[in-house]
Amino acid sequence: MTAYRVERRLEANPRHAALARIYGAIIAMVVAGLLLLLTGRNAFQIFWEALDAIFGSQRGIEGVLLRAIPILMTALAVALSLRMKVWNIGSDGQFLMGAFAAVGIGIHMSGPGWLILIVMAVAATAAGALWMLVPALARAYWDVNEIITTLLLNFVAVQLVVWASLSFWRDTENAVIQSTKPVPYTLAGLPGTNSLTIALLVPLIIAAVLWWIFRSTTTGYEIDTIGGNPRAASFAGIRVRFRILSVMLTTGGIAGLGGMLQLSAPGAQALGPGFSAQFGLSGFIVAALAGAAFGGVLVGGMFIASMFFAGLVLQTKGLSVYIIFGIYGIILTGVALGEVAARYRLVRQDILATERAAA
Amino acid sequence: MMLALIENAFLSLAGSAIPASTVVVLAATGVLLNERVGVMNLGQEGLIGIGAVYSVIAVSSWSVGSPWIAMLVGMIAAAVAGLVFALFVVVFKASQVLVGLALALGGIGLSNQLGTNRNGTPIQVQFQEVNPGGKFDDNDFFEAFLFHEPPVYLAYIVIPAFLWFLLFRTRHGMNMRAVGENPAAADAVGVRVTWSRLGYTVLGAALAGAGGAYMVLSFTPTWSPDIARGRGWVALAVVIFAGWRPFRAVAGALLYGGMISLGVTAQARGWDLPSLEARDLAFFLSMLPFLVTLIAILIPAGAAKIGRRVRSTAAPAALATPYSREDR
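Residues numbered from 1 in each chain as written. Chains lettered and ligands numbered in written order. Predicted model: local features only at pLDDT ≥ 70, side-chain atom pairs only at ≥ 80, totals over all residues.

### Quick word on the overall build of chain A
Let me state the cut-off plainly: For the purposes of this entry, the term helix denotes a DSSP run of H or I that reaches at least four residues, the term strand denotes a run of E that reaches at least two, and both are numbered from the N terminus. The atom set for the radius of gyration is the C-alpha atoms, and the globule formula is 2.2 Å times the number of residues raised to the power 0.38. Between the buried cut of 20 or more and the exposed cut of 12 or fewer other C-beta atoms within 10 Å of a residue's own C-beta lies the partly exposed class, and all C-beta atoms are placed from the backbone. Contact definition: two residues whose C-beta atoms, as placed from backbone geometry, lie within 7 Å.
Check the secondary structure of chain A and you find 14 helices and two strands. The C-alpha radius of gyration of chain A comes to 22 Å, within 12% of the 21 Å expected for a compact globule of 359 residues. Seen along its three principal axes, the alpha-carbon backbone of chain A occupies a region of about 80 × 60 × 35 Å. Within the span of chain A, comprising 359 residues, buried residues form 51% of the whole. Within chain A, contacts between residues at least 6 apart in sequence are counted, and of these 78% link residues at least 24 apart.

Shown next, in the form of structure tokens:
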């Protein structure tokens, strides 16, 4: 009989860690499926219906990609801050503020469409960054935990959007609709698709740029160093506080730009209470799943967007949106446990003995 | 005349702020208990939901006739969720941030799902306001402070006092704080770090559950989806504001409740400012609780920064860091 024992690794290899997170997520999905079965729902049927809803038609695939845009933007924002071990839980608020600024510009300025759209994008980025300013300053200079500050601002942003859409920017011509006036400008459509715009390219470009920054520049290296050990980083002469501030503002800006992209899709165009369907939350889960690797964010983003879209479709068939929340929670737990598992390895006792002898 | 008006406004604010913050006080004392032993549980929002929905279930499906027992059911349900959380983060040492957020999500999802068929149904079993006797009846002052339900007094006085005594006047409390500050040292002198963290994480979760139970058995008193509406996050914020001290946490929660009741009072009395429509004022007031809470978090750190001497406002040093002997 060979005995096995669990041994702690000195360092978790990034590849192992990524694999472990994916295994964690897969096991979590299985657990979620079992829970669905236990509560009398046919998990297999739900799964097939979800697959059919997504891949059964071009509309399904476009639907997923459409949801992937806001999810990817917030995920990239969260992932960037995670590189520095800073948790941006407020990407939903920054996303909303971006949309808020974009609507403000879009319904009050007139001019050539391309120019207005550019101004909207700049304003949205600035608004998202501005929404991050207080948490960023507090974290960088006063060491105030950013988790709670960023999260509280989500609630403020939601209220502000409700305020705008029911009061000062309310669409009075269609008084029934509880939203702002629609912005008359939309982004150019993506050739060969019915509902997608060039907005889809933005997260891809940002992911590529971030990937390059962290692969080839000092800035990226410094941020990773701060993430590893801020004290060591500061001894190495890195301006830690300044980097924290600038990275946090950038993450806010990315999420804010996401709000503008969502707003300038044909059909969206107006801001109302339900504008962000918890995109920030989905983005957070994507970033956690990807372990803040930007390529991984793209893959994870598509996965979560598929789930999100399937949830929307299945909602019409009696699967409640609350169950999706529950499944998100289970996946997040699976990812966290996967991270732990990556720090251990299973070894056979006799092999361990030989290894020890050799060392 | 003016003075009477101000007094009147203050009393009506206090009278509605006290019940409005009770949930936050209960959850915040739970958070304080968790964090003093080094565990950060971001799942408060979910725990409040679980505590609330199980109290509702106890009353409506299991025909529990006593609000205390219904509250106990809610507390046990939240404690079970807290035990699962503790198992993952204390025993398996998974990331407290990730599992905490998972608990927030899962708890909200679970409680909303369980509550689906109970939306808006009034809860028949409720806590009754204490009535200290006829002679206080006509007095606004006594009315604001005396006529509340029993859990309110537990939340504001009994639990924080007990917690303060436990943490700062007993050896056991000193050990608890050591576990939160320096678990390796505590371990070295024989304090059982894992057990202490497990136990107080579960107890803290039960307190958040009690908060949820109070909501549906007294405050609202009915079930509605997303019942916590940010109160769990406010509780986490309040503890930072309080510098991890029980009675300061009560004060922080009252600040939040004061802002909530400002909105309620403004609407009830039709307060109107010349330049703003009443409706706009209401919208503004509905974001105020969260804004004020945000500012409150910044106060201790800001005060320390500009050189004011504030007694230890720093977080427990080992907060959110898993402890394993092998790492020493």
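This is not the end of the story, as more comes after the structure.
### Overview of the overall build of chain B
Tallying secondary structure elements over chain B gives twelve helices and zero strands in all. Counting from the amino terminus, chain B carries its helices and strands in the arrangement α-α-α-α-α-α-α-α-α-α-α-α. Burial analysis of chain B (328 residues in total) assigns 52% to the buried set. Sequence-distant contacts in chain B: of pairs separated by 6 or more residues, those separated by 24 or more amount to 80%.

### Concerning the environment of B:Ala228
All names here are of chain B. As for its position among the elements, Ala 228 is in the loop between helix H9 (193–219) and helix H10 (231–241). Take Ala 228: there are 29 C-beta atoms within 10 Å of it, and that puts it in the buried class. For the pair Ala 228 and Val 193, spaced 35 residues apart in the sequence, the C-alpha separation amounts to 31 Å. When near neighbours in sequence (up to four residues on either side) are disregarded, Ala 228 contacts Glu 45, Ile 48 and Gly 49.

### Some remarks on the pairing of strand E1 (residues 4–8) of chain A
Residue and element names in this part refer to chain A. Short version of the rule: The criterion for strand pairing is that DSSP finds at least two bridges linking the strands in question.
Counting buried positions over the five residues of E1 gives zero, only a small fraction of the element. In this structure, E1 lies alongside strand E2 (residues 344–348), joined through five bridges in antiparallel fashion. When the sheet's bridge partners are listed, Arg 8 is paired in E2 with Tyr 344.

### Quick look at the interface of chain B and chain A
Which entries qualify depends on this criterion: Amino acids are sorted into nonpolar (Ala, Val, Leu, Ile, Met, Phe, Trp, Tyr, Cys and Pro), charged (Asp, Glu, Lys and Arg) and polar (every other residue, Gly among them).
Between chain B and chain A, the residue contacts involve 40 residues of the former and 36 residues of the latter. Of all the secondary structure elements, the ones that give two or more residues to the side of chain B that touches chain A are helix H4 (96–115), H10 and helix H12 (278–305) of chain B. It is H12(B) that provides the largest number of residues to the side of chain B that touches chain A, a total of 14 residues. Each residue belonging to the side of chain B that touches chain A can be placed in one class, and the counts come to 25 nonpolar, ten polar and five charged.

### Here we look at the packing of helix H2 (residues 43–55) of chain A against helix H12 (residues 294–315) of chain A
Residues and elements named next belong to chain A. Note the threshold: Note on definitions: angles span 0 to 180 degrees between N-to-C directions of axes, and those axes are lines fitted to C-alpha atoms, for helices only across the stretch in contact. These descriptions rest on fixed angle ranges, namely under 35 degrees for roughly parallel, over 145 for roughly antiparallel, 65 to 115 for roughly perpendicular, and the rest for oblique.
At a minimum axis separation of 9 Å, H2 and H12 run at an interaxial angle of 105 degrees. With respect to H12, the element H2 is oriented roughly perpendicular. Facing H2, whose interface residues are Ile 46, Glu 49, Ala 50, Ala 53 and Ile 54, H12 presents Ser 306, Phe 309, Ala 310, Val 313 and Leu 314. Partitioning the contact of H2 with H12 into residue classes produces eight nonpolar, one polar and one charged.

### Details of helix H1 (residues 14–38) of chain A
Owing to its 3.6 residues per turn, the α-helix brings residues three or four apart onto one side. Residues and elements named next belong to chain A. Just so we agree on the cut-off: How far a helix is expected to stretch is found by multiplying one less than its residue total by 1.5 Å.
The terminal C-alpha atoms of H1 lie 36 Å apart, and with 25 residues this matches the ideal 36 Å at 1.5 Å per residue to within 8%. Three or more residues of H1 are buried, namely Ala 20, Arg 21, Ile 22, Gly 24, Ala 25, Ala 28, Ala 32 and Leu 36. The secondary structure elements touched by the buried residues of H1 are H2, helix H11 (279–290) and helix H13 (321–341). Phi turns positive one or two residues past the end of H1, at Gly 40, with a value near 80 degrees.

### Points about the environment of B:Gln128
Looking at where B:Gln128 falls in the secondary structure, it is placed in the loop between H4 and helix H5 (140–146). When the C-alpha atoms of B:Gln128 and B:Leu281 are compared, they prove to be 33 Å apart, with 153 residues separating the residues in sequence.

### Here we look at unusual backbone geometry
Residues and elements named next belong to chain B. Positioned with a positive phi, Lys 93 is a non-glycine residue whose angle comes to about 60 degrees. Secondary-structure assignment places Lys 93 in the loop between helix H3 (67–91) and H4. Assessed through the 18 C-beta atoms surrounding it within 10 Å, Lys 93 is described here as partly exposed. One non-glycine residue, Arg 229, lies in the positive phi region at around 45 degrees. Here Arg 229 shows up in the loop between H9 and H10. Taking the C-beta count within 10 Å as the criterion, Arg 229 has 17 such neighbours and is therefore assigned partly exposed.

### Focus on the confidence of the model for chain B
Residue and element names in this part refer to chain B. Filter applied, for reference: For every residue, the predictor states its confidence as a pLDDT score lying anywhere from 0 to 100.
In the predicted model, chain B carries a mean pLDDT of 87, and 89% of its residues have values of at least 70. For chain B, per-element mean pLDDT is lowest for H5, which scores 70, and highest for H3, which scores 96. Both scores are available for the predicted complex, with the pTM at 0.90 and the ipTM at 0.89.

### Focus on the environment of B:Ile227
Residue and element names in this part refer to chain B. Along the chain, Ile 227 falls in the loop between H9 and H10. For Ile 227, a count of 26 C-beta atoms within 10 Å puts it in the buried group. Sequence spacing of Ile 227 and Pro 160 is 67 residues, and the spatial spacing of their C-alpha atoms is 24 Å. When sequence neighbours within four positions are dropped, the list of residues in contact with Ile 227 reads Ile 48, Gly 49, Ala 52, Ser 111, Gly 212 and Met 215.

### Comments concerning the packing of helix H5 (residues 113–142) of chain A against helix H10 (residues 240–263) of chain A
Selection criterion: Crossing handedness: left-handed means the near helix sits turned counterclockwise from the far one by under a right angle, and right-handed means the same turn made clockwise.
Orientation of H5(A) relative to H10(A), taken along the N-to-C sense of each, is 145 degrees, at an axis distance of 6 Å. As H5(A) packs across H10(A), the resulting crossing turns out to be right-handed.

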